[in-house]
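Read off the chains here:
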Amino acid sequence: MAQTIRFPRLPLFPALTVLVLLGPVAAGLWGTVLPAFGHLPAAGQTGPSLDAFRALFDWPGIGPAVRLSVVTGLVAALLSLCITVLILAGWAGTRGFRVLERLLSPFLSVPHAAAAFGLAFLIAPSGWIARLFSPWLTGWDRPPDLLILNDPWGITLTLGMVMKEVPFLLLMSIAALGQIDGRRRLALSRSMGYGRIAAWVFAVFPAVYARIRLPVLVVQTWSMSVVDMAVILGPSTPPTLSVQIVRWMSDPDLAFRLQAAAAALVQLALVIGAVGVWFVGEKLVARLACMRIETGRRGHRDRPWRITGFAFGTVISASLLLGLLSLAVWSVAGFWSFPDLIPDHVTSRNWMRHRAGSLDALWETALIAGIAVAIGMILTIGCLETEHRRNLRLTQRGMWLIYLPLIVPQTAFLPGLQTLFLGFGLDMGRTPVVLVHLVFVLPYLRLSLEGPWKSWDVRQATVAAALGASEGRVLWRIRLPMLLAPLLTAMAVGIAVSVGQYLPTLLVGGGRVETLTTEAVALASGGDRRAIGVFGLMQTAAALLPFALALALPALIWRNRKGLLHV
Amino acid sequence: MSDGLRLEQVKITRDGKPLLSIDTHVAPGEVLTVMGPSGVGKSTLLSAIIGTLSQEFALSGQIILNGRDLSGLPPDERCVGILFQDALLFPHLSVGANLAFGLAQGGTRAARRAKIDAGLAEVGLTGFASRDPATLSGGQRARVALMRMLLSEPHALLLDEPFSGLDAELRGQVRQLVFDHARARGLPVLLVTHDQADADAADGPVVTLK
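Residues numbered from 1 in each chain as written. Chains lettered and ligands numbered in written order. Predicted model: local features only at pLDDT ≥ 70, side-chain atom pairs only at ≥ 80, totals over all residues.

### Describing the overall build of chain A
Here is step 1 of the chain: A tally of helices and strands in chain A yields 24 helices and zero strands.
Here is step 2 of the chain: Seen along its three principal axes, the alpha-carbon backbone of chain A occupies a region of about 80 × 65 × 55 Å.
Here is step 3 of the chain: Counting every position in chain A, which comprises 567 residues, the buried fraction comes to 46%. (Helix = DSSP H or I, 4+ residues; strand = E, 2+ residues; numbered from the N terminus. Buried ≥ 20, exposed ≤ 12 C-beta atoms within 10 Å, placed from the backbone.)

See the structure below:
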């Protein structure tokens, strides 16, 4: 009897993937709960006790820190969503929109830290915008004494977050628009007399929102708990709750870890509460929209709104672009006095000075990203192939699972993970950092491969099987080569995600793993703009170059295979 | 001024290459059938009339509805209604809210509700206002879509193969219903189809695009 080699009975890859996704989150939360309730043997504490919470609430900064986290987070998420809707409602499907889309998509992978530094270099009192208008308009011949960066209300922080979130939500919405018949819905509503924005908002947006709800949640929890951007752009006394958690975690006095753990639980509760508020808000907005629809008002004269949407899109692209440009200029700046627009002379000295340090960090960054993405790709392709062979489909619950590591705030479970490692006497360093990066890389690999993998014509497999090819042969010789372009794009996305990770590298690496991102963020307090320029630019390049390769390689490899280009 | 829909020397080019040309007049209450194989640009013609032509196309000539030149007007100011093959009822709104979306603005809440109920009754769907569109049959969906469009008080009606998704028996009924309502309102109708039976039922002039 001929034995055929079958896939193992236990769905190996899905099981492993779930373990990799959930394990660190669950362990990290456990490692947070214990010290929060006074149990930390490493610091000579055995619980349970509520001392950590008492100490936390006795800290005078707790009120402002909580308020900052909640307000900046919610405002940034709401503002980003509104701007996204305004741009889409006014312009989706037009030529101008395609220009905007092409402008914004590369920025998606620019690391948060680099984008934040770029914005800082633009709007700081000595930044490019002030230089542009000085002294002829403002009369300033030296930088004004204005607290623009790190302002106590977190306005700059909010702007920085919006700048990064709008491209993300826009591209997610564009993907969703491809799945619904947006064009005809819009045409139908307009033929009934609705203005463009009203037609899009009432007839198309509900279907889009249903598909981008999880990304919107990601944006919301991310903006409430972000650390790297808040260190660079946010206020410092007190900072947002998440930044304070990281400060306590890096205090040499282990007793502060109890307080940090308690704060991490508060952070988690805040995010859960805010998500609840958001859900109620969704219902309320839907209600209001239905009431408005009942009136049949057509919403003509929406031209000012359309222009506003386009202006937002332009300002966001321009500030991202000019921000990166200012990083580049600072990295080669010699003497540069205010209010000159460009430095007196250009020098390679900054690059020479940071050569050794930045190359070491680049190597570390590349190594971590490379290993994490390689493991991630094996798991993701393994999962997709298992689902294909067993005819399984990803359910809504499965989708939540994939998004889970992105929705649970990083500051809620990463401190716990570090504490656990410490408790078990495990050495912190590169290996755990790779594993934690994997947690954040996996969801993005899956999200970017899902579409191309599922839209591959399965009849190709049937044809190959009829020719006698085994399942493995079909996978390796037919499916993967045909999907080369999307596979490379997914890897580029994964690398960009890994390159941009700050908190996982810092906390799980125990401060000893130095990547471009940790080095760059560490420079924030020093204010050495030339060094920031060098590291910020290298960080951006590390995230963007893989995308260039992902575009170039398939075109090169399949240059004689027209049917495989533009897949 | 009720003059119907005039397409005067209408020519559409795609990336500079001529796609179709048509010169015709649809009187109020008349159904003009436009036929032709797929890819000949039938739907493009409809896009040109409702004003959603994409940018690779260029339009010359004049589209005049009841004496008003539509060229250059945005779609929402043209007063041209369209029905597609799918009913495209909005799944997030109840049947009644779908009709409310179409119903021309103005009037008190009660008056609007009454109009919606009357509209439902007119297509034999009394009491369906609170239903989820997803629970309707294909024929019911088509009737709601028709009434939604009519409530927006268009001055002309375009039909983009609206019956081809229905089975044979239903098709005749819905077709008759649409034509009857359009005639009763004196609307010029432009029907795009590749089904000869549609053209026969329309009982009007036929233009074949090549």
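### Quick look at the interface of chain B and chain A
Here is step 1 of the chain: With 23 residues of chain B at the interface, the matching set in chain A holds 22 residues.
Here is step 2 of the chain: Elements represented by at least two residues in the side of chain B that touches chain A include exactly β6 (80-83) and α2 (95-102) of chain B.
Here is step 3 of the chain: Residues belonging to the side of chain B that touches chain A are distributed by class as follows: 14 nonpolar, seven polar and two charged. (Contact = placed C-beta atoms within 7 Å. Nonpolar A, V, L, I, M, F, W, Y, C, P; charged D, E, K, R; others polar.)

### A look at the sheet that holds β6(B)
Residues and elements named next belong to chain B.
Here is step 1 of the chain: Sheet architecture is open: five strands sit in the order β6-β7-β8-β3-β9, paired in parallel fashion. The outermost strands of the open sheet, each flanked by one partner alone, are β6 and β9 (206-208). Pairs of neighbouring strands in the sheet enclose a mean axial angle of 20 degrees, with direction left out of account.
Here is step 2 of the chain: Where β6 and strand β7 (residues 156-160) come together, four bridges link them in parallel fashion. Paired with I82 across the bridge in β7 is L158. (Pairing = 2+ DSSP bridges. Axes fitted to C-alpha atoms, helices over the stretch in contact; angles between N-to-C directions.)

### Here's the deal with the sheet that holds strand β1 (residues 5-14) of chain B
Residue and element names in this part refer to chain B.
Here is step 1 of the chain: The strand order β2-β1-β4-β5 describes an open sheet built from four strands, whose pairing is antiparallel. The strands lining the two open edges of the sheet, one partner per strand, are β2 (17-26) and β5 (68-69).
Here is step 2 of the chain: Pairing of β1 with β2 involves eight bridges; the strand directions are antiparallel. Considered in β2, the bridge of L7 is made with T24.

### Structural notes on the pairing of β7(B)
Residue and element names in this part refer to chain B.
Here is step 1 of the chain: The element β7 is largely enclosed, with a buried count of five among its five residues.
Here is step 2 of the chain: The side-chain alternation of β7 yields two buried faces, one formed by A156, L158 and D160 and the other by L157 and L159.
Here is step 3 of the chain: Sheet topology places β7 next to strand β8 (residues 189-192); four bridges connect them, and they run parallel. Of the residues in β8, the one forming a bridge with L158 is L190.
Here is step 4 of the chain: For the crossover from β7 across helix α5 (residues 168-184) to β8, the handedness is right-handed. (Right-handed = clockwise from strand over helix to strand, strands pointing away.)

### Focus: the environment of B:G139
Here is step 1 of the chain: Along the chain, the position of B:G139 falls in helix α4 (residues 138-151).
Here is step 2 of the chain: Those residues in contact with B:G139, other than ones at most four positions away along the chain, are B:L166, B:L170, B:Q173 and B:V174.

### Description of the nonpolar core
Here is step 1 of the chain: Judged by nonpolar contacts, the single largest core of 219 residues is most densely connected at A:W200, B:L158 and B:V189.
Here is step 2 of the chain: Among the elements that make up this core, the one with the highest residue count is helix α9 (residues 196-225) of chain A (17 residues).
Here is step 3 of the chain: When residues no more than four places from it in sequence are discounted, the contact partners of B:V189 are B:V26, B:V31, B:L32, B:L157, B:L159 and B:A182. (Core = buried A, V, L, I, M, F, W, Y, C linked by C-beta atoms within 7 Å.)

### Description of α4(B)
Residues and elements named next belong to chain B.
Here is step 1 of the chain: Compared with the 20 Å implied by 1.5 Å per residue over 14 residues, the 20 Å span of α4 between its first and last C-alpha is a close match.
Here is step 2 of the chain: With twelve of 14 residues buried, α4 lies mostly within the body of the structure.
Here is step 3 of the chain: Listed as buried for α4 are Q140, R141, A142, R143, V144, A145, L146, M147, R148, M149, L150 and L151.
Here is step 4 of the chain: On its buried side, α4 packs onto β6, α2, α3 (109-122) and α5.
Here is step 5 of the chain: Two residues or fewer after α4 comes E153, characterised by a positive phi angle close to 55 degrees. (Expected span 1.5 Å × (residues − 1).)

### Quick word on the confidence of the model for chain A
Note: predicted coordinates in regions of low pLDDT should not be interpreted at a detailed level.
Here is step 1 of the chain: On average, chain A scores 90 in pLDDT, and the residues at 70 or more come to 98%.
Here is step 2 of the chain: This model gives residues 1-5 of chain A a pLDDT under 50, and the stretch forms zero contacts once residues within four places in sequence are excluded. (pLDDT = per-residue confidence, 0-100.)

### Some details on helix α3 (residues 62-91) of chain A
Here is step 1 of the chain: In this model α3(A) runs 43 Å from its N-terminal to its C-terminal C-alpha over 30 residues, within 8% of the 44 Å that 1.5 Å per residue would give.
Here is step 2 of the chain: With its phi angle positive at about 90 degrees, A:G93 sits one or two positions after the end of α3(A).

### Considerations on the packing of helix α12 (residues 256-295) of chain A against α2(B)
Here is step 1 of the chain: One can describe the packing of α12(A) onto α2(B) by two numbers: an axis separation of 6 Å at closest approach and a directional angle of 55 degrees. For the element pair α12(A) / α2(B), the angle class is oblique. Residues A:C290, A:I293 and A:E294 of α12(A) touch α2(B), and the partners they reach there are B:A97, B:A100 and B:F101.
Here is step 2 of the chain: Residue classes in the contact of α12(A) with α2(B) are distributed as five nonpolar, no polar and one charged. (Parallel < 35°, antiparallel > 145°, perpendicular 65-115°, else oblique.)

### Thoughts on unusual backbone geometry
Here is step 1 of the chain: Of note, the bond from A:T237 into A:P238 is cis; its omega dihedral lies within 30 degrees of zero at -10 degrees.
Here is step 2 of the chain: Here the bond from A:F338 into A:P339 is cis, since omega is 0 degrees, no more than 30 degrees from zero.
Here is step 3 of the chain: The backbone of B:Q9 sits at a positive phi, close to 55 degrees, despite the residue not being glycine.
Here is step 4 of the chain: With respect to the secondary-structure elements, B:Q9 resides in strand β1.

### Quick word on the packing of α3(A) against α9(A)
Residue and element names in this part refer to chain A.
Here is step 1 of the chain: Where α3 meets α9, the axes come as close as 9 Å, and the angle between the chain directions of the two elements is 150 degrees. When the axis of α3 is compared with that of α9, the two are roughly antiparallel. Taken as a pair, α3 and α9 cross one another with a handedness that is right-handed. Between α3 and α9, the contacting residues are S69, V70, T72, G73, A76, A77, S80, L81, V85, L88, A89 and G90 on the first element and R196, I197, W200, V201, F205, V216, V219, Q220, S223 and M224 on the second.
Here is step 2 of the chain: Class assignment of the residues belonging to the contact of α3 with α9 gives a composition of 14 nonpolar, seven polar and one charged. (Left-handed = near helix turned anticlockwise from the far one by under 90°.)

### Some details on the environment of B:D69
Residues and elements named next belong to chain B.
Here is step 1 of the chain: With respect to the secondary-structure elements, D69 resides in strand β5.
Here is step 2 of the chain: For the pair formed by D69 and R6, sequence separation is 63 residues and the distance between their alpha carbons is 9.3 Å.
Here is step 3 of the chain: Sequence-distant contacts of D69, defined by excluding residues within four places in its chain, comprise Q62 and I64.

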